[in-house]
Amino acid sequence: MIRRAAPLLIPIAAMIVYLPAMRGQFLPDDDELLTHNPLVHAADGLSRTWLTTEAQDYWPISQTSLWIEWRLWGMNPLGYHVTNLLLHVAASMLLYVLLRQLAIPGALLAALLFALHPVNVEAVAWIAQRKTLLAMVFFLLSILCWLRSGGYDRWYVLSVIGFLLAMLSKGSAVTLPLILLLLAWWRNNLDRRALMRTTAFFGIALVLGLVNVWFQTHGKPIVIRDVSVIERLLGAAAVVWFYLSKALLPIDLIFIYPKWDIAAGQLQWWLPLIACVAVTALLWRYRKAWARPWLLAWGCFVLALVPVMGFADVGFMKYTLVADHYQYMAIVAPLTLLVAGWQRLHRQAATPALILALGVGALLGALTWAQCGIYRDEPTINRATLAKNPDCVFALNNRGVELMNEGRIIESIAHLEHALKLDPDSARIEKNLGLALLSAGRAQEALEHSSRSVQLDDSDAEAHSNLGAVLAALRRWPEAVEQYQRALQLNEKAAEAWANMAVAMAAQGKLAETLDCARRAIEVAEARNDPGMAQSVRDWLKTNATALNLPPDFEP
């Protein structure tokens, strides 16, 4: 009875240690993927997600889940966090079933450690990583069905469908066909028939892999990392050892790790590559003896990391080459090998070994509980990041904006100036620094930074609106209006631009245009569920009713 109930320890333990994450708010990237994503909000968002190229990435399964949940939870983050946790629990239980099917010792403990490992907090507590969790669930389902199939039967079809769904959730599942071949080798049935059965998987990987690359690169000429092929190879090798170290010793975890300055001329960057080659060669040499399980784990670990090694860049790699959520799939391999080895070494003292192993699980759970607190909200995660990585441009910029919103303008300017020194060609930082300087009453300095912001990125409606506000502060009204008009050309639903243009029109005595812009600002603000902005425009109209010659009973 106890043995049958033992697997329930996985979901129970996971739900306990992730309780702090349920109180979390929206974090960076949650706005682009969810709260401010028109494809999620629109009634026709599903068809546009599946059938157009409007989305940032072609991961329609992930977007579909968010589209559905937006109609259930709206701006309440709890529902999304609960779904993420349930997906993590599902992945942990599927891992347990998979390891049992492979007859790997310690399946329950390995799955439990995966469920409780603090490295996985980033994937679970960050709503934007819904894609990672969904991909993992379908990834494991595909492997399970593959192992159960005896040929081109229904299990084979389900396995192919599972892989397709994984790829439509996130492209990091692309190496699954190679992992299937590795598992076939482990089960002593790697032959021509096994190769033929993976053809459909390789076809899906190729087609959707190219689709992913196109979505991530089209219309995006910005170079994320300007590095050579050799430097990418050196970085990829370093990534392997970095993730392995965090899997085995999960301390000093950071939302954004320090950026690596990889130099092919420095010996230290060649050592990880030499170590990777040496380990692979050693394990291959003794693959028919003691190294067989080690080669399986090493191969699965490295293959799962290939999509995030930096051979092809993603946006997040502008700030760091490594991130905890990147190894959500890969971490299974070292944990499984560690537990299986532990089980074999302590077969004669099973009870003490089990108690010690559960103690390790409890320690990991405590670390996970603490790590969840870092993902409570944006200010908390930015402060935590800067405490360990003070030169993180991403966190410096975001913290600068937070301080500005809190009215701590001097501190805001200091953070943004620090960020700009580290990334002098960032249009976003220039935009925010200009706004902070304007808030400090330093309009002339703000003009320099706001002007450069639109020079660096002329497609940013908010940047043009901010430049208009700076020009308005300098009483250069016609130029301000030009910037507001440009902002509205780029985004006609920019309520701030409509409101600011109303003020500029009023300053020039254009009363009809003033009222028209004010009405448009109110309409747009209400349409995007921003009653605060709508009310502020109404208050401004009432305050200036006499100057605008408005009748006493005027209601905007």
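What counts and how
- As a convention, each chain's residues are numbered from 1 in the sequence order in which they are written.
- This being a predicted model, a pLDDT of at least 70 is required before a residue's local features are given, and a value of 80 or more before pairs of side-chain atoms are given or counted; all residues contribute to the totals for chains, interfaces and linings.
- The basis for the side-chain values is all heavy atoms of the structure; hydrogens and waters are excluded.
- Per the convention used, a helix needs a DSSP run of H or I reaching at least four residues, while a strand needs a run of E reaching at least two, with both numbered from the N terminus.
- For the radius of gyration, the atoms used are the C-alpha atoms, and the globule rule reads 2.2 Å times the number of residues raised to 0.38.
- Under the scheme applied here, a residue whose accessible area is under 20% of the maximum for its type counts as buried, over 50% as exposed, and between as partly exposed, the area being computed with a 1.4 Å probe on protein chains only.
- The protein chains shown are the only cover counted for residues, whose accessible areas, like all others here, come from Shrake-Rupley with a 1.4 Å probe.
- The sign given to each residue is positive for Lys and Arg and negative for Asp and Glu; His and the chain ends receive no count.
- For charged residues, the charge sits on one atom: NZ in Lys, CZ in Arg, CG in Asp, CD in Glu.
- What makes two residues a contact is simply this: any of their non-hydrogen atoms within 4.5 Å.
- Only the contacting stretch of a helix is used when fitting its axis, a line to C-alpha atoms as for every element, and angles between N-to-C directions run 0 to 180 degrees.
- For this classification, under 35 degrees means roughly parallel, over 145 means roughly antiparallel, 65 to 115 means roughly perpendicular, and everything else is oblique.
- Two helices that cross are described as forming a left-handed crossing if the nearer one is turned anticlockwise from the farther one by less than a right angle, and a right-handed crossing if clockwise.
- Side-chain classes follow a simple rule in which Ala, Val, Leu, Ile, Met, Phe, Trp, Tyr, Cys and Pro form the nonpolar group, Asp, Glu, Lys and Arg form the charged group, and the remainder, Gly included, forms the polar group.

Draft legend 1. Local environment of the overall build of the protein. A count of helices and strands for the protein gives 29 helices and zero strands. Whereas a compact globule of 556 residues would reach a radius of gyration of roughly 24 Å, the protein reaches 27 Å, a difference of no more than 12%. In terms of its C-alpha atoms, the protein occupies a principal-axis envelope of roughly 90 × 50 × 45 Å. Per-residue burial over the protein gives 53% buried out of 556 residues. For the protein, the computed accessible surface area is about 26,100 Å², with 62% contributed by carbon and sulfur atoms. Charge-centre separation for the protein: the mean point of 47 positive side chains lies 15 Å from the mean point of 45 negative side chains.

Draft legend 2. Seen up close, unusual backbone geometry. The phi angle at alanine 103 is positive, at roughly 60°, despite the residue not being glycine. When you line up the elements, alanine 103 lands in the loop between helix 7 (77-101) and helix 8 (107-116). Exposure remark for alanine 103: the relative accessible area of 62% places this residue in the exposed category. The phi dihedral of arginine 475 falls on the positive side, at around 60°, and the residue is not glycine. With respect to the secondary-structure elements, arginine 475 resides in the loop between helix 25 (461-473) and helix 26 (477-490). For arginine 475, a relative accessible area of 62% corresponds to the exposed category.

Draft legend 3. Molecular detail of the environment of glutamate 69. Relative to the helices and strands, glutamate 69 resides in helix 6 (residues 60-73). With 16 residues separating them along the chain, glutamate 69 and leucine 85 place their C-alpha atoms 14 Å apart. For glutamate 69, the residues in contact, after removing those within four places along its chain, are Gly74, Gly79, Tyr80, Thr83 and Arg130.

Draft legend 4. Broad picture of the packing of helix 27 (residues 495-507) against helix 28 (residues 511-527). The interhelical angle for the contact between helix 27 and helix 28, taken along N-to-C directions, is 165°, at an axis separation of 8 Å. By the criterion of interaxial angle, the relationship of helix 27 to helix 28 is roughly antiparallel. The two elements helix 27 and helix 28 meet at a crossing, and its hand is left-handed. Along the contact surface, helix 27 presents Ala495, Trp498, Ala499, Met501, Ala502, Met505 and Ala506, while helix 28 presents Glu513, Thr514, Cys517, Ala518, Arg520, Ala521, Val524 and Ala525. When its residues are assigned to classes, the contact of helix 27 with helix 28 shows twelve nonpolar, one polar and two charged.

By themselves, these observations are geometric and do not establish any function.
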